[in-house]
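Inside the fold
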Amino acid sequence: SKMINIFDCNNWVRVKYETDSTGMALRNLYTEAFSSPDTSFYIFDGYNSKASRRKIYPEYKGNRPKVADTFYETLNTFKQLILHTNKISIEVPEFEADDVIAYLTKGYKGPIPIKIFSTDKDFAVLVNEYVTTSSSGILNVNPIDVRLYKSLVGDKSDNVKGIVKFGDVAW
């Protein structure tokens, strides 16, 4: 069946890169992209993508472990390889890939189904009868309540502290 695939590339490529045991992550990513018959968008974080959120919240994503320099080499090579396929590559300066993906999918009403490929549970807020995600979302949280949940409970990946002693049980 026809499908539109949207890849959160900084996330998706990193997962493939860090879980690869063959040493061929880049080749496997390219083969997957090149061989897919579906329309696919590969969305990358733009230059200076975290700046606007860090103006509001200086600690945004401040606790994330540094990735190996070789990851960025792999990511940049993958960006170049995508240009040699019939896939669509998007990178918007000062915007993270998830912002662009939200813009492209929010309120989408078909007719072709969209699947977002990412381990980012925040994409659950975009799920509807036409949009799905490879992530399971946040357990026991309605997609419409994700922002409230993360504000109250916290979110380690984005370094949002939440309310002290307000965890999943209180939720």
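Bear in mind that the values here come from a model prediction, so they are computed numbers and not experimental data. (Residues numbered from 1 in each chain as written. Predicted model: local features only at pLDDT ≥ 70, side-chain atom pairs only at ≥ 80, totals over all residues. Heavy atoms only, no water.)

Here the focus is the packing of aromatic side chains. This model, assessed by the stated rule, comprises 10 aromatic pairs. Both rings, one in F71 and one in Y72, keep their centres 5.1 Å apart while their planes meet at 70°; by these two values the pair is edge-to-face. Here the aromatic residues F7, W12, Y42, F44, F78 and F117 are joined through ring pairs into a cluster of three or more. (Phe/Tyr/Trp six-rings, centres within 6.5 Å; stacked < 30°, edge-to-face > 60°.)

Time to look at the pairing of strand β4 (residues 114-117). As paired strands, strand β1 (residues 4-8) and β4 are joined by 4 bridges and run parallel to one another. Across the sheet, N5 pairs through a bridge with K115, a residue of β4. Here β4 runs beside strand β5 (residues 131-133); their pairing, made up of 3 bridges, is parallel. Bridge pairing in β5 places K115 opposite T132. (Pairing = 2+ DSSP bridges. Helix = DSSP H or I, 4+ residues; strand = E, 2+ residues; numbered from the N terminus.)

Relative to the assigned elements, N5 resides in strand β1. A C-alpha to C-alpha distance of 4.6 Å links N5 and S40, two positions 35 residues apart in sequence. Setting aside chain neighbours within four positions, we find N5 in contact with S36, D38, T39, S40, F41, K115 and F117. (Contact = heavy atoms within 4.5 Å.)

Summed over all chains, the structure comprises 3 salt bridges. The shortest N-O distance in the salt bridge between E18 and R14 comes to 2.9 Å. You can see E18 and its partner R14 sitting in helix α1 (residues 9-19), 4 residues apart, about one turn around the helix. Notably, a salt bridge pairs K79 with E91, separated by 3.2 Å at the nearest N-O pair. Of this pair, K79 sits in helix α4 (residues 69-82) while E91 sits in strand β3 (residues 88-91), placing them 12 residues apart in sequence. Overall, the relative accessible area of 38% leaves E91 in the partly exposed class. (Salt bridge = Lys/Arg side-chain N within 4 Å of Asp/Glu carboxyl O. Buried < 20%, exposed > 50% of the residue type's maximum accessible area, 1.4 Å probe, protein only.)

Side chains of nonpolar character tend, in soluble globular proteins, to be buried together. Counting 14 residues, the largest nonpolar core has F7, C9, V13, Y42, F44 and F78 as its most contacted members. Contributing elements (two or more residues each) for this core: α1, α2 (25-35), β2 (39-44) and α4. Ranked by residue count, the leading element in this core is α4, at 4 residues. For F7, the contacting residues outside a window of four places in its chain are W12, E32, S40, F41, Y42, I43, I101 and F117. Core analysis: the second largest hydrophobic core is formed by 12 residues, I6, I43, V100 and Y108 among them. (Core = buried A, V, L, I, M, F, W, Y, C linked by side-chain atoms within 4.5 Å.)

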